[in-house]
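Chain residues, written in single-letter form:
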Amino acid sequence: MLRTSLKALAILGGLLAAAPAAQAAEGAAHIPNQGFSFQGPFGVYDRASAQRGFQVYSQVCSACHAMHLMSYRNLRDLGLTEQQVAAIASQVQVQDGPNDEGQMFERPGRPSDRFRSPFPNPQAARAANNGALPPDLSVIAKAREGGANYIYALLTGYGDPPPDVHIAEGMHYNAYFPGHQIAMARPLNPDQVEFADHTPATVENMARDVATFLQWAAEPELELRHSMGIKIIVFLLVLAGLAYAVKRKIWANAH
Amino acid sequence: MASGLHNSDIPNPVLRWIDQRMPIFTMMQKEYGSFPTPRNFNYFWNFGALAMVNLMIMIATGIFLAMHYTPHSSMAFDSVERIMRDVNFGWLLRYVHANGASMFFIVVYIHIWRGMYYGSYKAPRELLWMLGVVIFLLMMATAFMGYVLPWGQMSFWGATVITNLFSAFPLVGEWIVTLLWGGFSVDNATLNRFFSLHYLLPFVIVGVVFLHIVALHITGSNNPLGIEPKGPQDTLPFHPYYTAKDSFGLVIYFIVFAGLVFFAPNYLGHPDNYIPADPLVTPAHIVPEWYFLPFYAILRAVPDKLGGVLMMFGSILVWFVLPWLDRSPVRSMRFRPIARICFLLWTVSFLVLLWCGGKPAEEPYVTISRFAAAYYFAYFLVILPLLSRIEKPLPLPESISRAVLGGGPLPAGAAAKPMEKA
Amino acid sequence: MADSGEATASGGTPRRDFLNLVTASFAAVGVGAIAWPFINSMQPARDVLALASTDVDLAPIAVGQAVTVMWRGKPIFVRSRTAQEIEAARAVPLNDLKDPQTDQARIQRDPWLVVIGICTHLGCVPLGQKPTDPRGPYGGWFCPCHGSAYDTSGRIRQGPAPLNLAVPPYAFTSDTKIRIG
């Protein structure tokens, strides 16, 4: 019995282990682990960091990158008050309509509006960016191998190319981008933004904050998922003990 | 029985009234209560029940997800993300459904492995086994079409590659592919029909599962010794013995399931499927979901388009004739020392194919896949038919009860196995 | 796990009964808890609850006219009432009303009446917005489905509907603009 169980476990383990190993991306450099607060089964978001990350996104990244799945109201979950969210939303002009004359019109944003996209369509985005399409960042942390660690690595991975690497016109060297040539120029520079909480705006800090923010944007359910998961697994462990005791009792006379 | 009321012995008067007119309670009692079941099942025999529960979980979560999903090429991706963000517990339903597919395949693979190891496919259970293979094929079709629905990059290119498999068939191939697509490429029409069929097929599976169980309850279950029960001393009533044992196994299964859903919901998925489908850009490295990888590896191991497709389909279709390839009268591998080793090697070849399927189509993986695929087929087509003639099995125990409860020296093969001293 | 088990199991029945009971209760709690996410998922989603409010410009609406706007997928009746209509609404003694409510309690500023245009009987949209519509015996709205008649304050006066037309949450953002929701 023990042997067969072990065998079953081995098969199961083999199946589970084989899958992602099979899918590990080739080509890019190894991505260092930054030990973010949301990692691990008890992980939660560092809200201050995520709020700073939103500031970096809105002052830097949002010039080219849309986040069309996000609404301003979602920022409430990051700890902003209703007034703060309304103020942030009202700073952007969003298109609405058609009105009674059949015309589209601009109005100040409301919390229920989606984040305003920098470009009306992908073609416009390409035209403004030398043919490259800046990806939407709503779920980027789920859409890249390595998630937030990759985002941090990419943002801090700019530098001079090794001598044997030729970089094409309009491209930039990045140690962590697959293929090492990225169309996006170095986006973060020291003191590019000013944080209200006086956190020094180093490239590393900003990269860390924006990676936290993007992870939150991609997985807003993470904290609830973790806390529910712990409770459910504890419940199931107790139930497993009980079920095993019942099973033993019933089988006691069957051998 | 020919006319009048059924002679019911259900004590509760209301239930008896129903039972006299439609004896479902008598049937339940007969098939799931007192049903004589071999007393020596090990935990591998839990996996049929687990698969059944898994199917119900998939149908329940799927129905609720369909209330929010939009099967349109321009809205599908965003509607899935809306489920993740805005629908109450939508993330839970979706992660249970997505990981439930993986759990379903884990459970069913172990269930099939169990059937192969203990010879459950042999007479008189050939039809039972073949119905199981039909269920597996339906599962694969359903899972494939379900994976297309989020309309991410992997959805789109998976759909493109898999539907293109049919173009390998001469003459009718192109026609079939256009028919599957409903257009000149994978597009909105394809997404719509996949959604329709993805919703339909699980209910077809329920129907075949019902037949699978009907067939099971005619022949009765196989068991780890592979010998038929000879009398009441060899069996136990299904309830409470196996209901209790299945319940325990079910809780363990839920723990694994919950671990995936709550702490690694995207572990078995692929990041590229969070990129919306783009018909102009193929991802650098496309792979199917992990549960298709062994068959995908066989496809890639063959350098010929039609040959690869035929080998891939053949690798599953060969299961249909397994009862006639393996003519050995001994069911359980416990008593077949050579076949046992050959089968465990087959298991290794399957896992190697799974591993190779996820690797890029380059050396050394192609060569490894070829050897593994060759062994995969050789086991069924050469080794088993041959062993049926030449292998000398170990002596079988006299009866299940004698083997389990003692009462005499046990044959070597069954020794040191105090099964179910739980 | 009760009946047939008793017959076959050995002595220690009381402990097993208790054990069975605890285990079954645990399992029942688990199954019950599983049902909640399913039911809850059918409630309005967060984006639906956060749906934008609707702004209405009152300036173009002449006295005696009415407009219909959409709010949360429902028609909202905005009517600029004539002096006679207001007077008629206020002259009605409360005892005559099925759902007693003063006209003043239902409006914020004269002459504007803002109500949700859904009959409180079974959800049809009553007639009475267009000048050519029948407005029923009380000059307000008339529901063609089952004959409920509302007065110039949107109160139910006749027919099967139990309640007055509901007043949505709204506020004047300027003298000629309201925001509903």
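Every chain is numbered independently, its residues counted from 1 as its sequence is written. All chains are assigned letters beginning with A, and all ligands numbers beginning with 1, in the order in which they are written. A pLDDT threshold of at least 70 governs which residues receive local features in this predicted model, and a stricter bar of 80 or more applies before side-chain atom pairs are shown or counted, although totals over entire chains, interfaces and linings include all residues. Water and hydrogen atoms play no part in the side-chain values, which are based on all heavy atoms of the structure.

All right, on to the domain arrangement of chain A then. Interfaces are often described in size by the accessible area the parts lose on coming together. Residue and element names in this part refer to chain A. Delimitation of the domains relies on an automatic or database domain assignment. Annotation of chain A at the domain level lists domain 1 (30-70 + 114-220) and domain 2 (223-255). Domain 1 and domain 2 are separated by 43 Å when their C-alpha centres are compared. Both faces considered, domain 1 and domain 2 share a buried interface measuring about 530 Å² in area, 45% of it formed by carbon and sulfur atoms. Any Lys or Arg side-chain nitrogen located within 4 Å of an Asp or Glu carboxyl oxygen qualifies as a salt bridge. Seen at the junction of domain 1 and domain 2, the total is two salt bridges. Tallied by class, residues from the side of domain 1 that touches domain 2 come to five nonpolar, two polar and two charged. In short, buried area is how much 1.4 Å probe accessible area vanishes from two parts on joining, totalled over both. Classification used: nonpolar for Ala, Val, Leu, Ile, Met, Phe, Trp, Tyr, Cys and Pro, charged for Asp, Glu, Lys and Arg, polar for all others including Gly.

Turning next to the sheet that holds strand S5 (residues 139-142) of chain C. Residue and element names in this part refer to chain C. A pair of strands is labelled paired if DSSP reports no fewer than 2 bridges between them. A run of DSSP states H or I qualifies as a helix once it reaches four residues; a run of E qualifies as a strand once it reaches two. Both are numbered from the N-terminal end. A sheet is described by the order of its strands in space; here three strands give the open sequence S5-S6-S7, paired in antiparallel fashion. For this open sheet the edge positions go to S5 and strand S7 (156-158), each flanked by a neighbour on one side alone. Here the average twist between neighbouring strands, direction ignored, is 40 degrees. What counts as an axis is a line fitted to C-alpha atoms, over the stretch in contact for a helix, and the angles between N-to-C directions run from 0 to 180 degrees.

UniProt tags residues 14-225 of chain B as "domain: Cytochrome b/b6 N-terminal region profile" (unreviewed entry). Secondary structure within residues 14-225 of chain B divides into 72% helix and 1% strand; the distance between the first and last C-alpha atoms comes to 43 Å. UniProt positions are given in the numbering used here, feature names are shortened, and annotations may be inferred rather than shown by experiment.

Residues and elements named next belong to chain C. Cysteine sulfur atoms are paired as a disulfide whenever they come within 2.5 Å of each other. Using the criterion set out here, one finds one disulfide over all chains in the structure. Cysteine 143 takes part in no disulfide bond, and the closest cysteine sulfur to it belongs to cysteine 119, at a distance of 3.8 Å. Given the relative accessible area of 2%, cysteine 143 is considered buried. Remark: exposure states derive from per-residue accessible area (1.4 Å probe, protein chains only) relative to the maximum for the residue type, with buried under 20%, exposed over 50%, and partly exposed in between.

Contacts between residues were defined by any pair of non-hydrogen atoms, one from each residue, lying within 4.5 Å. Residue-level contacts link 54 residues of chain A with 62 residues of chain B. Carbon and sulfur atoms make up 71% of the area that chain A and chain B hide from each other, which totals about 5400 Å². Inspection of the region where chain A meets chain B yields two salt bridges. Close ionic contact of glutamate 81 of chain B with lysine 142 of chain A constitutes a salt bridge, the shortest N to O distance being 3.3 Å.

The rule is short: rings of Phe, Tyr and Trp, with Trp giving its six-membered ring, pair when the centres are within 6.5 Å, and they are stacked under 30 degrees, edge-to-face over 60, tilted in between. As enumerated under the stated definition, the model contains 60 aromatic pairs over all chains in all. Ring plane angle 15 degrees and centroid distance 5.3 Å describe the contact between phenylalanine 235 of chain A and phenylalanine 26 of chain C, whose orientation is recorded as stacked. Taken together, the residues phenylalanine 235 of chain A in helix H8 (residues 222-251) and phenylalanine 26 of chain C in helix H2 (residues 13-41) connect one chain to another. Of the residues examined, phenylalanine 235 of chain A reaches a relative accessible area of 24% and is grouped as partly exposed. On the basis of relative accessibility, which here comes to 27%, the residue phenylalanine 26 of chain C falls in the partly exposed class. On the numbers, 6.4 Å between centres and 90 degrees between planes, the contact of phenylalanine 195 of chain B with tyrosine 199 of chain B is edge-to-face. Within this pair, phenylalanine 195 of chain B and its partner tyrosine 199 of chain B are both found in helix H9 (residues 188-219), separated by four residues, close to a single helical turn. Charge-over-ring placement is defined geometrically: NZ (Lys) or CZ (Arg) within 6 Å of the ring centre, and within 35 degrees of the ring normal. For the cation-ring pair, lysine 245 of chain B lies above tyrosine 43 of chain B, with the distance from its terminal atom to the ring centre recorded as 4.5 Å.

Residue and element names in this part refer to chain A. Look at helix H2 (residues 47-59): 18 Å from first C-alpha to last across 13 residues, which is about the 18 Å you get at 1.5 Å a residue. Those residues of H2 that sit buried are Ser49, Ala50, Arg52, Gly53, Phe54, Gln55, Val56 and Tyr57. In the core, the buried residues of H2 are packed alongside helix H3 (82-90) and helix H7 (203-218). The opening residue of H2 is aspartate 46, an N-cap whose side-chain oxygen sits 3.3 Å from the backbone nitrogen of alanine 48. Given a helix with a known number of residues, its expected span is that number minus one, times 1.5 Å. In the analysis that follows, any N or O atom pair within 3.5 Å is treated as a polar contact, provided that within protein one partner can donate a hydrogen and the other can accept it, and provided that, for residues neighboring in sequence, both atoms belong to side chains.

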